[in-house]
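Fold and geometry: a report
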Amino acid sequence: MIPSQRSLFDLPRDRIYLNAAYMGPMPKAAVAAGEASYRGKAQPWHYDIQQDFFDTPDALRAQAARLFGAEAGDVALVPAASYGLATAARNLAPQKRTEILVLDEQFPSHVYVWRKLAEEHGCRVRTVKRSANQSWSEAMLGAIGPATSIVACPQVHWADGGQLDLPAISDAARRQGAALVLDLTQSLGALPFDMHAIQPDFAVAAGYKWLLGPYSLGYLYVAEHHQDGEALEENWIVRDRAEDFARLVDYADAYAPGAKRFDMGERSGFQLVPAAASALAQILDWGVDALCETLAARTAEIAAATAPLGLTDDTPGRAPHYLALTLPAGSPPDLVARLAARNINVSQRGDRLRVTPHLYNDADDIAAFVDGLESVL
């Protein structure tokens, strides 16, 4: 168990922030790294081509690879989860009349891209629903069959916190010859990821939630057998010999090795990469296993403390770091706004209150949250 890390974050004592699934606060050290990088842009003559354009982003790539359980060469730097998913779609060609499976109420960016691909290839998107007592894993495993060409799902459903059994889903997809494309935005960095057991074709995570980094920077894992695929853009820095600025117009057809060909333009991100690297360094220092265990205890405490108020923790197969509490009948429609007026930040998805703590939360936060709920319900 990791003790409270509140001192590492810029959170006033009267601010009860239980909304990591919406936006993860950057640690103070990451903020300082970002501020220093902005100061550096004021004097660009100090930039070192090898270090700032290549070595620093590659070090970030290696940090992200550790969270995936992959090699640095398997990871591309992307601006958003949607960019990574579009890259996956660019490199998959489902056969006509096959099915692309998505979950009911899956995050929009992980649905729209497959609707477009299905239209282009004459297949269809099939939405997998679950019954009240069924887990998302059970629903997805029941849907995978001979017609399945792509399984597109998260590790944790963003609305209700249901966790999917990705090793079992991956095994079922492989038996049908289907590709597996994952959005890990609501899990990477907070929930262990077993790359050996899962072996996705593509997996992407935005960096601004559980990875505690800046907006507009994320990470895309690309399986080795897709690494000679087609990128979304043709930018100069992913080409062979790009380090030689004096000879950039000696155009190179060859790409840098591995997943680097899928990097976004301006991937060096002088004002983003140092902050993201600092945040990932902190997560790796805590250790994802210990972090997950600690957050599991926090969500269990919150679920127990709010049960007497009529909130129920009833998501089958709930992820340990995620809590989506079903609200009692008669809850005010402006509940989230009323809580925010009391310096309590959570999210609401349908009739569920999404409560997602992190290591900056402690017993005092839980007590204040329960008091606030009791006052407004």
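Above: the structure in question.
What comes next is a walk through the structure. (Residues numbered from 1 in each chain as written. Predicted model: local features only at pLDDT ≥ 70, side-chain atom pairs only at ≥ 80, totals over all residues. Heavy atoms only, no water.)

1. Let's talk about the packing of helix 2 (residues 49-68) against helix 8 (residues 273-286)
Definition in use: A fitted line through C-alpha atoms serves as each axis, taken over the contacting stretch for helices, and the angle formed by two N-to-C directions is quoted from 0 to 180°. We count a stretch as a helix when DSSP gives it H or I for four or more residues in a row; a strand needs E for two or more, and each element gets its number in order from the N terminus. An angle counts as roughly parallel when it lies under 35 degrees, as roughly antiparallel when it exceeds 145, as roughly perpendicular when it falls between 65 and 115, and as oblique in every other case. Crossing handedness: left-handed means the near helix sits turned counterclockwise from the far one by under a right angle, and right-handed means the same turn made clockwise. By definition, residues are in contact when any of their heavy atoms lie within 4.5 Å. Residues are grouped as follows: Ala, Val, Leu, Ile, Met, Phe, Trp, Tyr, Cys and Pro are nonpolar; Asp, Glu, Lys and Arg are charged; every other residue, Gly included, is polar.
Between helix 2 and helix 8, the shortest axis-to-axis distance is 10 Å and the interhelical angle comes to 30°. Considered as vectors, helix 2 and helix 8 are oriented roughly parallel to each other. Taken as a pair, helix 2 and helix 8 cross one another with a handedness that is left-handed. For the pair formed by helix 2 and helix 8, the contact residues are T56, P57, L60, Q63, A64, R66 and L67 on the first element and V273, A276, A277, L280, A281, I283 and L284 on the second. Its residues assigned to classes, the contact of helix 2 with helix 8 shows 11 nonpolar, two polar and one charged.

2. Some points on the sheet that holds strand 3 (residues 99-103)
Put simply, the rule reads: Pairing between two strands is assigned when DSSP locates at least 2 bridges connecting them.
The seven strands are arranged 2-8-7-6-5-3-4 in an open sheet whose pairing can be described as mixed. The sheet is open, and its two borders are formed by strand 2 (75-78) and strand 4 (124-128), each paired with just one other strand. On average, adjacent strands in this sheet sit at an angle of 20° to one another, irrespective of strand direction. Where strand 3 lies against strand 4, five bridges are found, and the strand directions are parallel. If you follow I100 over to strand 4, its bridge partner there is V125. Contacting strand 2, strand 6 (179-183), strand 7 (202-206) and strand 8 (218-222), helix 3 (residues 81-90) crosses the sheet at an angle of about 165° to strand 7.

3. Comments concerning the nonpolar core
Grouped burial of nonpolar side chains is what soluble globular proteins tend to show. Operational definition: Only buried residues count toward a nonpolar core. Its members are Ala, Val, Leu, Ile, Met, Phe, Trp, Tyr and Cys residues joined through side-chain atoms within 4.5 Å. Burial here depends on accessible area, computed with a 1.4 Å probe over protein chains only, as a share of the maximum for the residue type. Under 20% is buried, over 50% is exposed, and the range in between is partly exposed.
Formed by 93 residues in total, the largest nonpolar core has its most connected members in F68, W114 and Y219. With eight residues, the single largest contributor to this core is helix 8. Here F68 is in contact with V75, L184, L188, F193, M195, A203, Y219 and Y221, once residues within four sequence places are set aside. In this structure, L325, L335, V346 and V376 belong to the second largest nonpolar core, which totals 19 residues.

4. With respect to helix 1 (residues 28-41)
The criterion, for reference: By this rule, a helix spans an expected 1.5 Å times one less than how many residues it contains. The directions considered for the arc run from the helix axis to the C-beta atoms.
Relative to the 20 Å expected for 14 residues at 1.5 Å per residue, helix 1 spans 20 Å between its end C-alpha atoms, a close match to the ideal helical length. By the burial criterion, the buried members of helix 1 are A30, G34 and S37. Here the buried residues of helix 1 occupy an arc of 60° about the axis, which is enough to place them on one side. Those residues of helix 1 that are exposed and aimed more than 90 degrees away from the buried face are A29 and R39.

5. Topic: the sheet that holds strand 12 (residues 352-355)
Strand-to-strand pairing in sheets goes through backbone hydrogen bonds, with the strands running parallel or antiparallel. Spatial strand order, 9-12-11: three strands in an open sheet with antiparallel pairing. Bordering the open sheet on either side are strand 9 (323-326) and strand 11 (347-349), each of which pairs with just one other strand. This sheet shows a mean twist of 35° between the axes of neighbouring strands, independent of strand direction. Relative to strand 12, strand 9 runs antiparallel, the two being bridged by four bridges. By the bridge assignment, L323 is partnered in strand 12 with V355.

6. Description of helix 8
Here helix 8 is 14 residues long and its end C-alpha atoms lie 20 Å apart, about the 20 Å a rise of 1.5 Å per residue gives. The buried fraction of helix 8 is high, at 10 of 14 residues. Inspection of helix 8 places V273, A275, A276, A277, A279, L280, Q282, I283, L284 and W286 among the buried residues, and these make up the whole buried set. Considering only its buried residues, helix 8 is in contact with helix 1, helix 2, strand 8 and helix 9 (288-306). Taken from the residues just after helix 8, G287 is the one with a positive phi, measuring 90°.

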